[in-house]
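Residue-level structural notes
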Amino acid sequence: GESVGLHLPTLSVQEGDNSIINCAYSNSASDYFIWYKQESGKGPQFIIDIRSNMDKRQGQRVTVLLNKTVKHLSLQIAATQPGDSAVYFCAENISGGGADGLTFGKGTHLIIQP
Amino acid sequence: NAGVTQTPKFQVLKTGQSMTLQCAQDMNHNSMYWYRQDPGMGLRLIYYSASEGTTDKGEVPNGYNVSRLNKREFSLRLESAAPSQTSVYFCASSKAQSHYEQYFGPGTRLTVT
């Protein structure tokens with residue numbers, strides 16, 4: 001069954017605002033948490049990952065926060081642009097799980113309003 | 001670099017027909033994967049190949065077979081297609097030491113009537 005879930009299936013934000021996409025997980029044995037972006041008609045694209053021993057990691061315009069106490073993961077996108085419109089998946093990698101250790105959530109559709 | 005390529009992009013099959021989906025990567029990755037993606041659901045792992053010469057079942061292997069032809073190529077075969085196999089199929093690859101960072105192909109949209 002799903003051990004990775006998302007709070008909202010659709011998120012609508014104004015262009016230029018910050019976006020926050022949330023994700024809950026249940027497996028305490030996960031060693032990496034990952035965000036993927038999937039644009040319409042394309043395959044998922046790796047955005048950023050965070051190790052379980054970290055609580056924050058920043059990339060270019062994106063920040064991922066990990067709260068292990070409440071098993072919560074979020075992706076923050078600064079100054080959202082039309083090109084950010086996509087479905088965002090969180091995923092968790094089970095420690096020692098090998099090549100089949102990655103589990104994907106169902107995804108959140110981010111819609112950018114002009 | 002082309003990354004991960006998949007053929008065909010679209011396919012329509014009748015129930016009972018067979019076909020092979022092709023996948024190739026030019027990143028010298030050891031591990032390759034086949035996923036299916038159904039509406040409203042995340043990606044589900046069908047089969048994977050952790051390294052050349054090995055293949056293993058994922059979450060939903062029934063009705064499929066795979067072949068790791070060489071380090072670059074990993075094919076997925078449907079021997080007798082069923083309507084339940086209507087889906088979008090994605091191939092992915094990764095380095096052996098970072099399975100969580102996977103590179104995906106553009107997908108094959110398969111419809112079984």
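See the structure above.
Computed from a prediction, not measured in an experiment: that's the story for all the values here.

In this section: the interface of chain A and chain B. A common way to state how big an interface is: give the accessible area lost once the parts meet. Taken together, the 19 residues of chain A in the interface contact 18 residues of chain B. Considering only the side of chain A, the residues that lose the most area to chain B are Pro44, Ala99 and Phe104 of chain A, jointly responsible for 33% of the buried surface there. Linking chain A with chain B are 0 salt bridges, by the criterion used here. For the interface between chain A and chain B, the tally reads 3 residue pairs in polar contact (both at pLDDT 80 or more). Elements that contribute at least two residues to the side of chain A that touches chain B include exactly strand E4 (30-38), strand E5 (45-51), strand E9 (86-94) and strand E10 (102-104) of chain A. Looking at which element gives the most residues to the side of chain A that touches chain B, the answer is E4 of chain A, with 4 residues. In terms of residue class, the side of chain A that touches chain B is made up of 9 nonpolar, 6 polar and 4 charged.

What follows covers the sheet that holds strand E1 (residues 4-7) of chain B. All names here are of chain B. Ordered in space as E1-E3-E8-E7, the 4 strands form an open sheet in which the pairing is antiparallel. The sheet terminates laterally at E1 and strand E7 (64-68), the two strands that pair on one side only. Across this sheet, the average inter-strand angle for adjacent strands is 20 degrees, counted without regard to direction. The pairing of E7 with strand E8 (residues 74-78) spans 5 bridges and is classified as antiparallel. In the strand pairing of E8, Asn65 is matched with Arg77.

Residue and element names in this part refer to chain B. Following the sequence through the fold, Ser93 ends up in strand E9 (residues 87-94). In terms of polar contacts, Ser93 uses its side chain to reach the side chain of His29, at 2.8 Å. Residues contacting Ser93, with those up to four places away along its chain left out, are Val4, Gln25, Met27, His29, Ser31, Met32, Tyr33, Glu101, Gln102 and Tyr103.

Turning our attention to the pairing of E9 of chain A. Residue and element names in this part refer to chain A. Most of E9 is tucked away: 7 of the 9 residues are buried. Relative to strand E11 (residues 108-113), E9 runs antiparallel, the two being bridged by 3 bridges. What sits directly across from Tyr88, in E11, is Thr108. In this sheet, E10 lies alongside E9 in antiparallel orientation, the contact comprising 3 bridges. Each bridged residue has a counterpart across the sheet, and for Ala91 the counterpart in E10 is Phe104.

We now examine the packing of aromatic side chains. Residue and element names in this part refer to chain B. The tally for this structure, following the rule as stated, stands at 11 aromatic pairs over all chains. With centroids separated by 5.6 Å and ring planes inclined at 40 degrees, the aromatic side chains of Tyr35 and Phe104 adopt a geometry described as tilted. Taken together, the residues Tyr35 in strand E4 (residues 31-37) and Phe104 in strand E10 (residues 103-104) connect sequence positions 69 residues apart.

The next subject is the pattern of salt bridges. Side chains that differ in sign of charge can pair as their charged atoms come close. Residues and elements named next belong to chain A. Taken as a whole, this structure holds 5 salt bridges over all chains when the rule is applied. Note that Arg61 is salt-bridged to Asp84, the shortest N-O span being 2.9 Å. One end of the pair, Arg61, is in the loop between strand E6 (56-58) and strand E7 (62-67); the other, Asp84, is in the loop between strand E8 (72-77) and E9, and 23 residues separate them in sequence. The class of Arg61 is partly exposed, set by a relative accessible area of 29%.

Basis of the calculations
- Residues numbered from 1 in each chain as written.
- Chains lettered and ligands numbered in written order.
- Predicted model: local features only at pLDDT ≥ 70, side-chain atom pairs only at ≥ 80, totals over all residues.
- Heavy atoms only, no water.
- Contact = heavy atoms within 4.5 Å.
- Buried area = accessible area lost by both parts, 1.4 Å probe.
- Salt bridge = Lys/Arg side-chain N within 4 Å of Asp/Glu carboxyl O.
- Polar contact = N/O pair within 3.5 Å; in protein donor to acceptor, adjacent residues only side chain to side chain.
- Helix = DSSP H or I, 4+ residues; strand = E, 2+ residues; numbered from the N terminus.
- Nonpolar A, V, L, I, M, F, W, Y, C, P; charged D, E, K, R; others polar.
- Pairing = 2+ DSSP bridges.
- Axes fitted to C-alpha atoms, helices over the stretch in contact; angles between N-to-C directions.
- Buried < 20%, exposed > 50% of the residue type's maximum accessible area, 1.4 Å probe, protein only.
- Phe/Tyr/Trp six-rings, centres within 6.5 Å; stacked < 30°, edge-to-face > 60°.

That is the geometry; function is a separate question.
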